[in-house]
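Read off the chains here:
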Amino acid sequence: MPETLPVAQPPPPWQNSPFMKAARGEPAELVPIWLMRQAGRYMAEYRAVREKTSFLDLCKNPQLCAEVMLVCVERLGVDAAILFSDLLLILEPLGLDLEFASGEGPVLHNPVREPRDVDRLAELEEIGELEFVMEAVRRTRAGLPEQVPLIGFAGAPFTLAAYAVEGGSSRHYRLVKSLMYRDTGAWDTLMSRLSRAITLYLNAQIDAGVQVVQLFDSWVGCLGVDDYRRHVMPYTRSVIEALEPRAPVIHFAAGNPALLPLLSEAGGSVIGVDWRVRLDDAWRTIGHHKAIQGNLDPVVLLAGPAEIRRQAKEILDQAAGRPGHIFNLGHGVLPQTPVENVIALVDAVHELGSRLPAVD
Ligand code: CP3
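Residues numbered from 1 in each chain as written. Predicted model: local features only at pLDDT ≥ 70, side-chain atom pairs only at ≥ 80, totals over all residues. Heavy atoms only, no water.

## As for the overall build of the chain
Okay, so step 1: Looking only at helices and strands, one finds 14 helices and nine strands in the chain.
Okay, so step 2: Taking 2.2 N^0.38 as the reference for a compact globule, 360 residues should give roughly 21 Å; the C-alpha atoms of the chain span a radius of gyration of 20 Å, in line with that estimate.
Okay, so step 3: When the backbone C-alpha atoms are referred to their principal axes, the chain occupies close to 60 × 55 × 45 Å.
Okay, so step 4: Across the 360 residues in the chain, those meeting the buried criterion constitute 56%. (Helix = DSSP H or I, 4+ residues; strand = E, 2+ residues; numbered from the N terminus. Rg over C-alpha atoms; globule rule 2.2 N^0.38 Å. Buried < 20%, exposed > 50% of the residue type's maximum accessible area, 1.4 Å probe, protein only.)

## Considering the site of the ligand
Okay, so step 1: If you check the shell around the ligand, you find 25 residues, and the closest are R37, Y46, R50, S218 and H331.
Okay, so step 2: At the level of elements, α2 (44–52) and β3 (105–108) are the ones that each hand at least two residues to the shell around the ligand.
Okay, so step 3: A breakdown of the residues in the shell around the ligand according to their chemical character gives 15 nonpolar, six polar and four charged. (Near = heavy atom within 4 Å. Nonpolar A, V, L, I, M, F, W, Y, C, P; charged D, E, K, R; others polar.)

## What to know about the state of the cysteines
By definition, a disulfide links two cysteine residues through a covalent bond between their sulfur atoms.
Okay, so step 1: Per the stated rule, a full pass over the model turns up zero disulfides.
Okay, so step 2: Free cysteine: C72, not disulfide-bonded; nearest cysteine sulfur from C65 at 13 Å.
Okay, so step 3: Given the relative accessible area of 0%, C72 is considered buried. (Disulfide = S-S within 2.5 Å.)

## Quick notes on the nonpolar core
As a rule of thumb, nonpolar side chains are buried together in soluble globular proteins.
Okay, so step 1: One finds F84, L91, F158, W187, F327 and L345 to be the most contacted residues of the largest nonpolar core, which totals 135 residues.
Okay, so step 2: At 12 residues, the largest contribution of residues to this core is made by helix α8 (residues 184–208). (Core = buried A, V, L, I, M, F, W, Y, C linked by side-chain atoms within 4.5 Å.)

## Observations regarding helix α4 (residues 62–76)
Okay, so step 1: With 15 residues, α4 ought to run about 21 Å at 1.5 Å a step, and its terminal C-alpha atoms sit 21 Å apart, in line with that.
Okay, so step 2: Three or more residues of α4 are buried, namely P62, L64, C65, A66, V68, M69, C72, V73 and L76.
Okay, so step 3: For α4, the elements touching its buried residues are α2, α3 (55–59), β1 (81–82), α5 (131–143) and α14 (339–352).
Okay, so step 4: Just past α4, the residue G77 takes up positive phi, approximately 75 degrees. (Expected span 1.5 Å × (residues − 1). Contact = heavy atoms within 4.5 Å.)

## Digging into the packing of helix α6 (residues 157–166) against helix α7 (residues 174–182)
Okay, so step 1: Following both chains from N to C, one finds α6 and α7 inclined at 110 degrees, their axes separated by 8 Å at the closest point. In terms of orientation, α6 lies roughly perpendicular with respect to α7. Two secondary-structure elements touch here, α6 through F158, A161, A162, V165 and E166 and α7 through R174, L175, V176, L179 and M180.
Okay, so step 2: Considered class by class, the residues forming the contact of α6 with α7 number eight nonpolar, no polar and two charged. (Axes fitted to C-alpha atoms, helices over the stretch in contact; angles between N-to-C directions. Parallel < 35°, antiparallel > 145°, perpendicular 65-115°, else oblique.)

## Comments concerning the packing of α6 against α8
Okay, so step 1: Where α6 contacts α8, the axes come no closer than 9 Å and their chain directions differ by 120 degrees. In terms of orientation, α6 lies oblique with respect to α8. Here the hand of the crossing between α6 and α8 comes out right-handed. Within the contact between the two elements, α6 uses P157, F158, L160, A161 and V165 and α8 uses W187, L190, M191, L194, S195 and I198.
Okay, so step 2: Looking at the contact of α6 with α8 residue by residue, the classes come out as 10 nonpolar, one polar and no charged. (Left-handed = near helix turned anticlockwise from the far one by under 90°.)

In structure tokens:
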């Protein structure tokens, strides 16, 4: 039998989408936009699904997860989809008992409070129990238009540690910080175990078909710069370094712009920033060799279309047409947001951000 030469496959259409170009820092024909929590309670179609299904059951039903995101992408006209799932699901196979109590947000019933509790957390050896997430990736990818990229995600080590220790949302992060200060050995065990689990989980999502991954360090803004450098950065860096290089990484944190230089040093080809810092200042701090994602205040979406357009323009003006800007909010869409305002934002960014003249 003559050997057949491998035929070069053309790149899949999503590889040359405005979102992927921006994620790689390349010039694109328009500024791409997607929104954190773009599928959620503010959307009637989502509420209809949730009337029949609890949030955890929804997350564990790959077909419904895919449908929720596909409907959202089509309705909003955004340039990327994100896997529909939740940050905290990875904690279940580690042995934490997760509940989404209605109206209260997430609760972990057996939190890691004392140094000895850390040993109770299991090592995630294989994807096993989280296979439903990979099936949701495959089904979402299969249902999306080919030019729309799919983002996978996980919580960053600190944010997951904060949930595991606090047992839910927290105001002062007293418990997680005191564990961190009190017992460096237990902290290292906890953060290392979480980091290995996150790496395995994100690489499995990449293998299942996501094009990009976002690490959410939603709660790390409660730390000062020196604590971040000492107690968090090595772990986040170890995750990012161990990820499949074919998927660009968006590294997002909220709450403390003073962390930006270190966040960027920890890794990620795109840095996600919130509204507490101007986008141009943030980009200068990070360096224009990296891409940036952000940074409209989600509360602006509760104002009218004129104010939304004005503030979107301010952000686009700060980005000044540089390649590598992904438009987003600085945090997730709030449940009270009118869906027409979200659509007005997407349309405004597409219109105002199309083929801006490039600077330097
Ligand atoms: O549309 C998307 O962005 C994709 C899905 C997604 C959800 N959660 C769905 C969700 C993503 C990417 C997340 C990430 C997530 N989850 C984060 C990081 C982002 C952030 O907001 O900082 C965090 C901290 C969580 C943990 C979490 N999940 C909280 C604190 C809550 C309760 C608060 C709230 O807004 O309800 C959730 C629930 C949750 N996750 C909902 C959705 C759609 C609402 C559930 C419902 O009542 O239907």
